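# Commentary on secondary and tertiary structure
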Amino acid sequence: MQLVRQKGKSPTKRHSSTGRHRPVSTVLAALLAATVTSACAAATADGGTGTPDGPAKPAAGQQGEAAQQAGPARALDTYAEELKRKQAARAVAAKKWGLAKTPLAAPEPPEVKPRITTRKGFEVRDGEGLPPVFTTVPTKEKIVFLTMDDGAEKDPELLRMMTELDIPYSAFLSDYVTNDNYGYFKQMQKRGVTISNHTLNHRYLPGLSYAEQKREICGQQEKILKQYGKRPTLFRPPYGNYNRDTLVVAKSCGITAVPLWSAEAFADRMEWREWDRDLHPGDIVLTHFRGKGDWKGTMPDMIRLVMKTITDKGYAVAKLEDYV
């Protein structure tokens, strides 16, 4: 399966308005309004009284109910303050790292992950029961997912930058370029990044036998388990190329989903794979661990560009593993 830019309109229905990401100020206002409303309800329900000059007094026998109402109100207050604090810290970090704008805060992840199916046109023969192949996660929220492939460049500035900005991302690693410094990616993992599978040697999988594909995919599963303590459930085939054997093998060694991408970020440009050359709710953005030896810039340069694009379009970056 060759991943190519779609010529026609995307077969996946896009949501343009419902459930869009709301600015943090709007979220805070809503939370504070809810807090006030809750407090007023506690004060006046069932005969409680209040005065313009002081707090409301609950009616006799209602003290217990007032206390119960105060609990959620305090929780909302705490959440609002924490959200405000995090966004203020992100604004400071954005200025430090030279971002054009402060990244938007992502909404809370869903309690139940969305059902993901293979994108139309990306199917394989007799593919029922195999891991789904997709470029976009079903959601109405204005969020996208940032993913980084292979692991060739190990820039310590990237670790510091992403930690201070508190931007989530996912790493799809190939052993042949990470085995000289597993420690770098262990630091990344400690900072909340999920380590996923991109094969041992980054070979063109449809050109390999079933046994060779198994060595590439399942062999990397075991490498990641040994080095990082957990066998991945997500797998990205090199170049976005796969066939039925790829998915059968991947499933046999614990893979449950195959995320590809809708857009790709470089240090000096964005490349689009959708017909409208734009972002959409739930899109997966690909980039690579690369530096000046391969790009016209550094990893931090790439982050500055991709985050400008994402933020300018009103999107926040969410964590892929919270949705898949």
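Higher on the page you've got the structure.
Notes on the structure follow. This structure is a prediction, so every number in the text was calculated from the model and none was measured. (Residues numbered from 1 in each chain as written. Predicted model: local features only at pLDDT ≥ 70, side-chain atom pairs only at ≥ 80, totals over all residues. Heavy atoms only, no water.)

## Description of the pattern of salt bridges
Here the structure, examined in full by the defined rule, presents 17 salt bridges. The salt bridge partner of Arg160 is Glu157, with a shortest N-O separation of 2.2 Å. Taken together, the positions of Arg160 and Glu157, both in helix 3 (residues 156-165) and 3 residues apart, correspond to about one turn of that helix. Note on Glu157: relative accessible area 30%, which makes it partly exposed. Put simply, Lys313 and Asp278 hold a salt bridge, and the shortest N to O gap is 3.0 Å. With Lys313 in the loop between helix 8 (299-312) and strand 11 (316-318) and Asp278 in the loop between strand 9 (270-272) and strand 10 (284-288), the pair connects residues that are 35 residues apart, well separated along the chain. Assessed through its relative accessible area of 30%, Lys313 is described here as partly exposed. Residue class for Asp278 comes out partly exposed when judged on its relative accessible area of 28%. When salt bridges that share partners are traced, they join Lys101, Lys308 and Asp312 into one network. (Salt bridge = Lys/Arg side-chain N within 4 Å of Asp/Glu carboxyl O. Helix = DSSP H or I, 4+ residues; strand = E, 2+ residues; numbered from the N terminus. Buried < 20%, exposed > 50% of the residue type's maximum accessible area, 1.4 Å probe, protein only.)

## Looking at the nonpolar core
Core analysis: the biggest nonpolar cluster contains 42 residues, and Leu146, Met148, Met188, Phe289, Met302, Ile303 and Val306 have the highest contact counts within it. When residues in this core are grouped by element, the largest group, 6 residues, is from helix 8. If sequence neighbours within four positions are ignored, Phe289 has contacts with Met148, Asp149, Asp150, Gly151, Ala152, Glu153, Leu158, Ala171, Leu173, Phe185, Met188 and Met299. In this structure, Leu205, Val249, Ile255 and Ala318 belong to the second largest nonpolar core, which totals 32 residues. (Core = buried A, V, L, I, M, F, W, Y, C linked by side-chain atoms within 4.5 Å. Contact = heavy atoms within 4.5 Å.)

## Some points on helix 5 (residues 182-190)
Among the residues of helix 5, Tyr182, Tyr184, Phe185 and Met188 are the ones counted as buried. The arc that holds every buried residue of helix 5, seen down its axis, measures 155°, which confines them to one face. On its buried side, helix 5 packs onto helix 3, strand 5 (170-173), helix 4 (175-178), strand 6 (194-197) and helix 6 (210-228). (Arc of directions from axis to C-beta.)

## Focus: the state of the cysteines
Per the counting criterion, the structure on display carries 1 disulfide. At a sulfur-sulfur separation of 2.4 Å, the disulfide partner of Cys218 is Cys253. Note on the Cys218 and Cys253 pair: the S-S dihedral is about -85°, so by sign convention the disulfide is left-handed. Taken together, the positions of Cys218 in helix 6 and Cys253 in the loop between helix 7 (244-252) and strand 7 (258-259) put the pair 35 residues apart, joining distant regions of the chain. One exposure class covers both Cys218 and Cys253, and it is buried. (Disulfide = S-S within 2.5 Å.)

## Focus: unusual backbone geometry
Where the residue is not glycine, phi is negative for most of them; where a peptide bond is considered, it is trans in most cases. Although it is not a glycine, His202 adopts a positive phi angle of roughly 55°. Looking at where His202 falls in the secondary structure, it is placed in the loop between strand 6 and helix 6.

## Details of the pairing of strand 4 (residues 143-150)
Of all 8 residues in strand 4, 8 are buried, a share of seventy percent or more. Bridging between strand 4 and strand 11 involves 3 bridges; their strand directions are parallel. For Val144, the partnering residue across the bridge sits in strand 11 and is Val317. As defined by bridge partners, strand 4 adjoins strand 10 across 5 bridges and the pair is classed as parallel. Note on strand 10: the bridge partner recorded for Phe145 is Ile284. (Pairing = 2+ DSSP bridges.)

## Notes on the packing of helix 5 against helix 6
In the contact formed by helix 5 and helix 6, the axes pass within 11 Å of each other and the chain directions differ by 70°. One way to sum up the angle between helix 5 and helix 6 is to call them roughly perpendicular. Across the interface between the two elements, Tyr182, Phe185, Lys186 and Gln189 from helix 5 touch Lys223, Gln227 and Tyr228 from helix 6. Counted by class, the contact of helix 5 with helix 6 contains 3 nonpolar, 2 polar and 2 charged residues. (Axes fitted to C-alpha atoms, helices over the stretch in contact; angles between N-to-C directions. Parallel < 35°, antiparallel > 145°, perpendicular 65-115°, else oblique. Nonpolar A, V, L, I, M, F, W, Y, C, P; charged D, E, K, R; others polar.)

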